[in-house]
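Observations on the three-dimensional arrangement
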Number of protein chains: 2
Amino acid sequence: MFRGRLSHVILAAARYPHRQNELHTAQAAQKIVPLTDSLVQNLQKIVGDKNVSEAMAIREQHGKDESYHTCAPPQVVAFPESVEQVSGVAKLCNEHRVPLIPFGSGTGLEGGINAIRGGVCLDLMKMDKILAVHPEDFDCQVESGVTRKTLNNYLRDTGLWFPIDPGADASLCGMCSTSASGTNAVRYGTMRENVMNMEVVLADGRVIHTAGKDRRTKKTSAGYNLTNLFVGSEGTLGIITKATLRLHGIPEASVSAVCSFESIQEAVDTTVQVLQCGIPMARIEFLDEVSIDACNKYSKMNMKVAPSLFLEFSGSPKSLDDNAEIVGEIVKMNGGSDFKWATDVDERNLLWKTRHDILYACMALRPGCKPYSTDVCVPVSNLPRVVVESKKYIDEAGVVGPMVGHVGDGNFHVFFPVDQSNPDEVKTVHDVSVKMALLAQELNGTCTGEHGIGLGKRELLIREIGESGIEVMQQLKQTLDPNGILNPGKVFF
Amino acid sequence: MFRGRLSHVILAAARYPHRQNELHTAQAAQKIVPLTDSLVQNLQKIVGDKNVSEAMAIREQHGKDESYHTCAPPQVVAFPESVEQVSGVAKLCNEHRVPLIPFGSGTGLEGGINAIRGGVCLDLMKMDKILAVHPEDFDCQVESGVTRKTLNNYLRDTGLWFPIDPGADASLCGMCSTSASGTNAVRYGTMRENVMNMEVVLADGRVIHTAGKDRRTKKTSAGYNLTNLFVGSEGTLGIITKATLRLHGIPEASVSAVCSFESIQEAVDTTVQVLQCGIPMARIEFLDEVSIDACNKYSKMNMKVAPSLFLEFSGSPKSLDDNAEIVGEIVKMNGGSDFKWATDVDERNLLWKTRHDILYACMALRPGCKPYSTDVCVPVSNLPRVVVESKKYIDEAGVVGPMVGHVGDGNFHVFFPVDQSNPDEVKTVHDVSVKMALLAQELNGTCTGEHGIGLGKRELLIREIGESGIEVMQQLKQTLDPNGILNPGKVFF
């Protein structure tokens, strides 16, 4: 039933993927109609005069994330301060069929907040209260604008933390929205496993609590799992205004280490063997020699320029020693170097800050460029093949492509620095990215482990889920947002 | 928009909850129309003559689970052998607006498979192949009829297991359907965290793979999380024909122990303190003195008749000793007895078999009775209050109500043995059950941690999720099953 609607744009995008940005512009040009004065005035009535901006600088700042996608500014930006205001804006936009795009920290990597069809951007960062922390139950509740670092600072004295860590200091409800994960997912899972409940404003302004108001149980079988329907829906099904999150105890002891290898294959083989031995790693991150070089330059480090693993062990001091010993043996068997330990807090923080800054380090390799990121994820046994083949694709294309990844989950990225103004270069990088995604899909994998679909991976999603599955997703979208106002053009064409 | 449709039956049920069974009968009497000969013939064409039965004994066997709900037999039972056959039956039923009820092991506790509006029961147990095991990736794929014990027997030589364990030897796709969990959930999570992908037949016969065909990655951000929409949907959104599941390494060492307490409060306080210390328990189960007495009689044990905890520690031998020592101290601080250890495999198996047989042990307290089970779940800090108050409700009502539960998750059950033929008794037990659920809901909890809504908890669901949330769930149901053929009358009225 959705075949007709889909076909035209999909085919265009599939045939000319490198012309994606042009397509967006074309779509936008077709659909953007100027907002009426009365709509803007109503918006001001709902959120207050001071909380509405039509200034171009503000609009542009809200029209792009950290990716290479061309800036597509919204027509107006509103800064609501309460769920009632969010609900009011949704009702208004729904009535007038105006696109509504939720905006958090703007740190996404797939153009998820670009206003390709214009409309109202809802910057949710003023709703920044930590509403409750229940240390005895290992949970908390936050408003949409609280970032993960703010939450963890707030929790400092409780012995607890929220471990999901995508690198950037993202807003927690934004992380819900993209189903973020990062370096700690190998131990703690992703947002999917760590969100217990959410307050969500629907397209028509209705407010729901996905697990029922104030509920915060470790498990539930009460009706459909709305929580996990909205986690990862990228602002296309509803606007997340509050989240109830699981917290975890800070491990008794932690140590980190770096080791280097002769080849990528050896580093990845080591990862697979460590996982297959069932060693409970806190983190296990792979960086190829290009990434290490970028880190050395950007973070003033002095690491050996070779494929490397960044490892973290945590738990009781005894278990930590045992595990480090086993991993050390596996590293040695694969021809890896001795561990370079980072035992005290400052050294560990420096190491992981270096890892987290890697996107910026990679971009510094080619100043002025923006990141085009791949995000494939495969079963770990298929990881060596995908990593090694990807390296070949990059080398064959002759582009700069540092590789880095959460290999413990079978997930890794290439952060290509691309010159947005050079369509040939964008096409070359896009072709490598698509080849990697197709290979991952062929090997039981996904085109996106944690960044989401956004603008960049819509045609890959179709291939990945299959026509009937996509139809079901679109039926759900149509049901919850019949006028298509919520973040239009994302996830689907 | 759903208000009108809901109001009549909900109000009836809310006002006269003890008359639930009569209501079902009334609904059924209104709606069941005889199946035409041609429909049965078409069914035979699809699944084969030998795979269709209208015999009353077979129908009755498929018209009830293990709960107190009155048997409501389907009009015919079909035993498909492939997904194509399931799809064919769905198309047929959808075309003729005939109810279609998926059936697995029949071990549910909320009347989830009772054919209250007649129709075709689809017994999925002939589809019983273990399709793939990938030990190196810690995953496997099974057809709908494979039970958890069959899978674990098959995995015996791999060092891996599927730990989710609701007690009964349930079919794994049935466990997907109710979002089952059980004694191991405190360590490994529930079905929600352990299902990676499913093949699902929709009401109109379309076949989807919730994460895309053959995909089995540890994480994904590709589109909406259909997997977790269908997990826990109790056969009302689609029929699960295959599941891809996470496997886990069998722990290096495990020991189990029992300790007893003077009072329920002390046993539950111990649990809360153990969790708050962050001790990684493998299992922590509470049994009150009534349950212990039932176990002694049924399983020929000789345990002290007192509120008790069944504990399991697992991991490396060292960590196991450390953890057992800390827990031992907490038990002592709460006035508990010394641990009675079960270290060898036979002793451990006997202990956990005793725990798993508890439903039958409780029923043996009053032969001929059927179980009416409560299933509340609350944040652990609210657990002592709910357990202690529940005990008061039971005592005040003067009924037999053994308490047992997965207290590590804040979840516990009372397995009331009820005489189905005595409406006053059913009402008394129902009233206690509702009081417990309302108290749990007041204390940030849910009426069902793991059994699902089925027939028994529909009015409680409305109270728990709120009107807008229920509307969204019903919109999803309406979208995916517009003719309402899939397991009608379950989850919603």
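Residues numbered from 1 in each chain as written. Chains lettered and ligands numbered in written order. Predicted model: local features only at pLDDT ≥ 70, side-chain atom pairs only at ≥ 80, totals over all residues. Heavy atoms only, no water.

1. Looking at the overall build of chain A
Quick reminder of the rule: A run of H or I in DSSP counts as a helix once it spans at least four residues, and a run of E counts as a strand once it spans at least two, with each numbered from the N terminus. Both definitions apply: the radius of gyration is a C-alpha atom measure, and the globule rule equals 2.2 Å times residues to the power 0.38. When accessible area is computed with a 1.4 Å probe and restricted to protein chains, residues below 20% of their type maximum are described as buried, those above 50% as exposed, and intermediate ones as partly exposed. What makes two residues a contact is simply this: any of their non-hydrogen atoms within 4.5 Å.
Each helix and strand counted, chain A has 19 helices and 18 strands in total. Relative to the globule expectation of 23 Å for 493 residues, the C-alpha radius of gyration of chain A, 22 Å, shows essentially globular dimensions. Along the first, second and third principal axes, the C-alpha atoms of chain A reach 70 × 55 × 40 Å. The buried share among the 493 residues of chain A stands at 65%. Across chain A, the fraction of contacts at a sequence separation of at least 24, relative to all contacts at a separation of at least 6, is 72%.

2. Re the packing of aromatic side chains
Here is the rule: What counts as a ring pair is set by centres within 6.5 Å for rings of Phe, Tyr and Trp (its six-membered ring), and what kind of pair is set by the plane angle: stacked under 30 degrees, edge-to-face over 60, tilted for all other angles.
Enumeration over the complete set of coordinates arrives at 14 aromatic pairs over all chains. Both rings, one in Tyr68 of chain B and one in Tyr372 of chain B, keep their centres 4.2 Å apart while their planes meet at 20°; by these two values the pair is stacked. Taken as a pair, Tyr68 of chain B in the loop between helix H4 (56-61) and strand S2 (76-78) and Tyr372 of chain B in strand S16 (residues 370-373) lie far apart in primary sequence, 304 residues in all. Site record: aromatic cluster; members linked through ring pairs are Phe313, Phe339 and Trp341 of chain A.

3. A look at the interface of chain B and chain A
What counts is decided by this rule: The term buried area denotes the loss of accessible surface (1.4 Å probe radius) that occurs when two parts are joined, taken as the sum for both partners. A pair is scored as a salt bridge if a Lys or Arg side-chain nitrogen falls within 4 Å of a carboxyl oxygen belonging to Asp or Glu.
Taken together, the contact between chain B and chain A spans 81 residues of the former and 81 residues of the latter. Here chain B and chain A share an interface that buries about 6400 Å² over both sides, 54% of which is from carbon and sulfur atoms. Connecting chain B to chain A are eight salt bridges. When the shortest N-O distance is used, the salt bridge between Glu471 of chain B and Arg206 of chain A registers 2.8 Å.

4. Quick look at the pairing of strand S10 (residues 239-246) of chain A
Residue and element names in this part refer to chain A. Spelled out, the test is: If DSSP finds at least two bridges between two strands, the strands pair.
The buried fraction of S10 is high, at eight of eight residues. Bridging between strand S6 (residues 139-143) and S10 involves five bridges; their strand directions are antiparallel. In the strand pairing of S10, Cys140 is matched with Leu245. Of the strand pairs in this sheet, strand S8 (residues 195-201) and S10 are connected by six bridges, and their pairing is antiparallel. Directly across from Asn197, in S10, lies its bridge partner Thr244.

5. What about the domain arrangement of chain A?
All names here are of chain A. Convention followed: Residue ranges assigned to the domains are those given by an automatic or database domain assignment. Pairs of N or O atoms are called polar contacts if they sit within 3.5 Å, as long as, within protein, a hydrogen donor faces a hydrogen acceptor (for residues adjacent in sequence, only side-chain-to-side-chain pairs).
For chain A, the domain assignment lists domain 1 (33-124), domain 2 (130-249) and domain 3 (253-456). On a C-alpha basis, the centroid separation for the pair domain 2 and domain 3 is 26 Å. Between domain 2 and domain 3, a total of about 1200 Å² is buried, with carbon and sulfur atoms accounting for 44% of that surface. The tally of links between domain 2 and domain 3 comes to zero salt bridges. Along the contact surface separating domain 2 from domain 3 lie seven residue pairs in polar contact (both at pLDDT 80 or more). Here the element with the most residues in the side of domain 2 that touches domain 3 is helix H8 (residues 185-188); it accounts for three residues.

6. Quick look at the relation of the copies chain B and chain A
Which entries qualify depends on this criterion: When the copies are superposed, the least-squares fit takes in the C-alpha atoms of residues with a pLDDT of at least 70 in both.
Here chain B sits on chain A after a turn of 180° about the axis and a move of 0.0 Å along it, with an RMSD of 0.0 Å. Expressed as an axis order, the relation between the two copies is that of a two-fold axis. Interface overlap between copies: 100% of the residues of chain B at the interface are likewise at the interface in chain A, consistent with a symmetric, same-surface contact.

7. Observations regarding the nonpolar core
Selection criterion: Here, nonpolar core refers to any group of buried Ala, Val, Leu, Ile, Met, Phe, Trp, Tyr and Cys residues whose side-chain atoms link them within 4.5 Å.
If you look at the biggest cluster of nonpolar residues, it comprises 185 residues, and the most contacted ones within it are Leu151, Met191 and Leu245 of chain A together with Leu151, Met191 and Leu245 of chain B. If we skip the residues at most four places from it in the chain, Met191 of chain B touches Phe162, Ile164, Leu172, Met175, Cys176, Ser179, Ala180, Val231 and Leu245 of chain B.

8. Thoughts on the UniProt feature "domain: FAD-binding PCMH-type" (unreviewed entry) in chain A
Formally: UniProt positions are given in the numbering used here, feature names are shortened, and annotations may be inferred rather than shown by experiment.
This chain's UniProt record puts "domain: FAD-binding PCMH-type" (unreviewed entry) on residues 69-250 of chain A. For residues 69-250 of chain A, the end-to-end C-alpha separation is 38 Å, with 23% helix and 24% strand making up the annotated structure.

9. Some remarks on the sheet that holds strand S10 (residues 239-246) of chain B
All names here are of chain B. Selection rule: Inter-axis angles, ranging from 0 to 180 degrees, are taken between N-to-C directions of lines fitted to C-alpha atoms, where helices are fitted over the stretch in contact.
Spatially, five strands are ordered S5-S6-S10-S8-S9 in an open sheet, and the strand pairing comes out antiparallel. Only two strands of the sheet have a single neighbouring strand rather than two, namely strand S5 (130-134) and strand S9 (207-209). In this sheet, adjacent strand axes meet at a mean angle of 10° when their direction is disregarded. Of the strand pairs in this sheet, strand S8 (residues 195-201) and S9 are connected by three bridges, and their pairing is antiparallel. When the bridges of S9 are listed, Glu199 appears paired with His209. Helix-sheet contacts for helix H5 (residues 83-96) involve S8, S9 and S10, and the interaxial angle to S8 is about 50°.

10. Quick notes on helix H12 (residues 289-299) of chain A
Residue and element names in this part refer to chain A. Of all the positions in H12, only Ser291, Ile292, Ala294, Cys295, Asn296 and Ser299 are classed as buried. Buried positions along H12 lie against strand S13 (283-287), strand S14 (308-315), helix H14 (345-356), helix H15 (358-364) and strand S17 (403-406). Between the side-chain oxygen of the N-cap and the backbone nitrogen of Val290 there are 3.2 Å, and the N-cap of H12 in question is Asp288. A positive backbone phi angle near 50° is found at Lys300, which sits one or two residues after H12.

11. Digging into the sheet that holds S6 of chain A
All names here are of chain A. With antiparallel pairing, five strands are arranged side by side in an open sheet as S5-S6-S10-S8-S9. Each edge of the sheet is formed by a strand with only one pairing partner; in this case those strands are strand S5 (130-134) and strand S9 (207-209). Neighbour to neighbour, the strand axes of the sheet diverge by 10° on average, direction disregarded.

12. So, the side chain of Asp165 of chain B
Residues and elements named next belong to chain B. Position of Asp165 among the secondary structure elements: in the loop between strand S7 (160-161) and helix H7 (172-178). On the basis of relative accessibility, which here comes to 6%, the residue Asp165 falls in the buried class. Asp165 has contacts with Arg148, Met175, Ser181, Gly182, Thr183, Asn184, Arg283 and His356, leaving out every residue within four places of it along the chain.

13. Comments concerning helix H18 (residues 458-465) of chain A
All names here are of chain A. Of all eight residues that make up H18, six are buried, and the element is covered over most of its length. Every buried residue belonging to H18 is among Arg458, Glu459, Leu460, Leu461, Glu464 and Ile465, and all of these are buried. Just downstream of H18 lies Gly466, where phi reads positive at about 90°.

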